[in-house]
Amino acid sequence: MTPVELSSTVLRAVRRAVDDGELAVAVPERAQVVPPGPGGRGDYATNVALQLARPAGRPPKEVAEILRPHLSGVAGVERVDITGPGFLNITLKGREAALVAEILRRGERYGYVNGPTGQVVQLCYPCSEVRAAVTGQVLARILRSQGVLVRTTRTTRTACTDSTASASCEAAEAAEAAEDALDPAWAHTLGVTVDAAQGPPEAPASTSAPTSAPLELDLRPVPAGQDPTPLGRDAGRWALLHPASHDHPRITDEHLVQREGNPLFRVRYAHARATALGRNAAALGFAAVPGDHISGPGPLLDALDTYPHALAAAARHRAPDRVARHLVTVADALLAFQHTVLPLGDEKPSAAHRSRLALAEAAGTVLAGGLSLLGIDAPTHL
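Residues numbered from 1 in each chain as written. Predicted model: local features only at pLDDT ≥ 70, side-chain atom pairs only at ≥ 80, totals over all residues. Heavy atoms only, no water.

Undergrad: Got a minute to help me understand the nonpolar core in this structure?
TA: Nonpolar side chains in soluble globular proteins tend to be buried together. Membership of the largest hydrophobic core comes to 72 residues, with the highest contact counts inside it found for Leu123, Leu304 and Leu374. Of all the elements, helix α14 (residues 351–374) adds the most residues to this core, at 11 residues. Those residues within four positions of leucine 123 in sequence are excluded, and the remaining contacts are Gly136, Leu139, Ala140, Val150, Arg151, Thr152, Thr153, Leu217 and Leu219. The next biggest cluster of nonpolar side chains, apart from the first, holds 27 residues, and it includes Leu23, Leu52, Val80 and Ile90. (Core = buried A, V, L, I, M, F, W, Y, C linked by side-chain atoms within 4.5 Å. Buried < 20%, exposed > 50% of the residue type's maximum accessible area, 1.4 Å probe, protein only. Helix = DSSP H or I, 4+ residues; strand = E, 2+ residues; numbered from the N terminus. Contact = heavy atoms within 4.5 Å.)

Right under this line is the structure:
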């Protein structure tokens, strides 16, 4: 169903509600149907309930509740959800297969934009402070995934506006101030590197030239109060990146504990489980095939579907923590879903099992891609 066809379907739902006496309004000439925004779900969203609320003399959510059953029973519509003040979010049939196939096709670049946007960001952060250096490295990766040309300026002090202190880490390393700029002790342990100006990862070098005036961004997260290097690379980076930049990071060994209360453990364990399911399925003689034979995958599908929105929001708000938190959402949904993937007892592998396996593999792909952006290993065994 195309957006134009869906718009007509929405208008017919309004007409049925009017004909049944549920709404006393004039049927509008058109209904806007667009991809859902942040906080939305499904394939498309419409604001028709908000549009009709005033003439109907009812709250928008009440209008949406009236329209929902008239849309839910339409051929080609899988589900209708109400979000925000009264947006109708519509999931079309065939969503599972299309979404999973798209993720498996794009691989770890799922959620990346196609090519450069022309936006240029001059990212400045103090490279002598470990949290700023790690956050700056990851934010640059996220921005590039969204088509942004990123140029980095690292300073040896805390203020990027002080021209006397402004110098790239490359220059600082060549001078006697190298240890005060990018400390080799934590830089090596945490995998902090110095990147030259780069464009989007899928863009040829010739397209990386700036097409707009650079947006200067002074990145100064709350500094780490303790040395994160005893935690190692993965846990140390997670401890710095998972909290919002305005929050104080907790540098404790809680990030090393292998139990459910540790979000990093859940994310990495979920990826390991996704790969294990593939190995176990191969041993049983079947492989993943995207399909629509899945029951009860709503939370996992929603988490995968909204991953590109999370990447875009992380770039827009300069907040790598949004990626980390979304990975926790994906992991929790996968861990709840994993038990339905493999046949039980004497059960033979079916189309449903192949579809569920494809969904689990797609979730593992998203987890691997997100962890790669954060500079954290995605284990196949844990």
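Undergrad: Just checking my understanding: could you explain the side chain of glutamine 338 for this structure?
TA: You can see glutamine 338 is positioned in the loop between α13 (321–337) and α14. When neighbours within four sequence positions are excluded, glutamine 338 is seen to be in contact with Arg273 and Leu277.

Undergrad: Looking at this model, I keep getting lost on empty space enclosed by the protein. Mind explaining?
TA: Empty space among the atoms can be located by rolling a probe the size of a water molecule over them. All chains considered together, the criterion is met by 2 cavities of 30 Å³ or more. Each pocket or cavity is described by its volume, and for the largest cavity that value is around 50 Å³. What lines the largest cavity is simply Arg131, Thr135, Pro221, Leu240, Leu241, Pro243, Ala244, Ser245, Arg318, Ala319, Pro320 and Asp321. When contributions to the lining of the largest cavity are tallied by element, the ones reaching two or more residues are α5 (130–145) and α9 (232–241). Among the residues making up the lining of the largest cavity, the classes are represented as 7 nonpolar, 2 polar and 3 charged. (1 Å grid on protein atoms, 1.4 Å probe; cavity = no way out; pocket = protein on both sides within 12 Å on 5 of 7 lines; lining within 4 Å. Points joined across faces, edges and corners; volume = space filled by probe spheres on them. Nonpolar A, V, L, I, M, F, W, Y, C, P; charged D, E, K, R; others polar.)

Undergrad: Just checking my understanding: could you explain the packing of helix α4 (residues 95–106) against α14 for this structure?
TA: Viewed as axis vectors pointing N to C, α4 and α14 meet at an angle of 45°, and their least axial separation amounts to 9 Å. As summarised for this structure, α4 and α14 are arranged oblique, according to the angle between their axes. Considering the relative orientation of α4 and α14, their crossing is left-handed. Here Val100, Ile103 and Leu104 of α4 lie close against α14, whose contacting residues are Ala358, Leu359, Glu361, Ala362, Thr365 and Val366. (Axes fitted to C-alpha atoms, helices over the stretch in contact; angles between N-to-C directions. Parallel < 35°, antiparallel > 145°, perpendicular 65-115°, else oblique. Left-handed = near helix turned anticlockwise from the far one by under 90°.)

Undergrad: I'm lost on α4 in this one. Help?
TA: One turn of the α-helix equals 3.6 residues, which is why residues spaced by three or four share an orientation. Taking 1.5 Å of rise per residue, the 12 residues of α4 would be expected to cover 16 Å, and the 16 Å separating its terminal C-alpha atoms lies within 8% of that figure. Residues Arg95, Glu96, Leu99, Val100, Ile103 and Arg106 constitute the buried set of α4. An end-on view of α4 places all buried positions within 140° of arc, on one side of the element. Considering only its buried residues, α4 is in contact with β3 (77–83), β4 (87–92), α11 (298–305) and α14. One or two positions beyond α4, positive phi appears at glycine 107, with a value near 65°. (Expected span 1.5 Å × (residues − 1). Arc of directions from axis to C-beta.)

Undergrad: Please explain the packing of helix α12 (residues 307–316) against α13 as it appears in this structure.
TA: Each packed pair of helices is defined by two parameters, the angle between the axes and the distance between the axes. Contact geometry of α12 with α13 gives a least axis separation of 8 Å together with a crossing angle of 160°. In terms of axis orientation, α12 runs roughly antiparallel to α13. Crossing handedness for the pair α12 and α13: right-handed. When α12 is examined against α13, the residues Tyr307, Ala310, Leu311, Ala313 and Ala314 are found in contact with a partner set consisting of Arg322, Val323, His326 and Leu327. Class assignment of the residues belonging to the contact of α12 with α13 gives a composition of 7 nonpolar, 1 polar and 1 charged.

Undergrad: So what exactly am I meant to see when it comes to the pattern of salt bridges here?
TA: Tallied over the full model, the rule gives 14 salt bridges. Note that aspartate 377 and arginine 268 form a salt bridge whose closest N and O atoms lie 3.6 Å from each other. Linking aspartate 377 in the segment after α14 with arginine 268 in helix α10 (residues 263–284), this pair joins segments that are 109 residues apart in sequence. Judged by its relative accessible area of 43%, aspartate 377 falls in the partly exposed class. Here aspartate 321 makes a salt bridge to arginine 325, at a shortest N to O gap of 2.3 Å. Here aspartate 321 pairs with arginine 325, and both are found in helix α13, just 4 residues apart, close to one helical turn. Take arginine 325: its relative accessible area is 39%, and that puts it in the partly exposed class. By sharing partners, the salt bridges in this structure join Arg41, Arg79, Asp81 and Asp302 into a single network. (Salt bridge = Lys/Arg side-chain N within 4 Å of Asp/Glu carboxyl O.)

Undergrad: Would you mind showing me how to read the layout of surface pockets here?
TA: Approximately 340 Å³ is the volume attributed to the largest pocket. Every residue lining the largest pocket is counted, 18 residues in all, and those nearest its centre are Leu99, Glu102, Tyr110, Asp305 and Pro308. When contributions to the lining of the largest pocket are tallied by element, the ones reaching two or more residues are α4 and α12. Across the lining of the largest pocket, the residue classes break down as 9 nonpolar, 4 polar and 5 charged.

Undergrad: Help me understand the sheet that holds β3 in this model?
TA: Two modes of strand pairing occur in sheets, parallel and antiparallel, and in both the strands are linked by backbone hydrogen bonds. With respect to topology, 4 strands assemble into an open sheet ordered β1-β2-β4-β3, the strand pairing being antiparallel. Of all strands in the sheet, those with a lone pairing partner are β1 (33–34) and β3, marking the two edges. Pairing of β3 with β4, which is carried by 6 bridges, proceeds in the antiparallel orientation. From the neighbouring strand, valine 80 faces β4, where its bridge partner is isoleucine 90. Strands β3 and β4 of the sheet are contacted by helix α3 (residues 60–72), whose axis makes an angle of about 175° with β3. (Pairing = 2+ DSSP bridges.)

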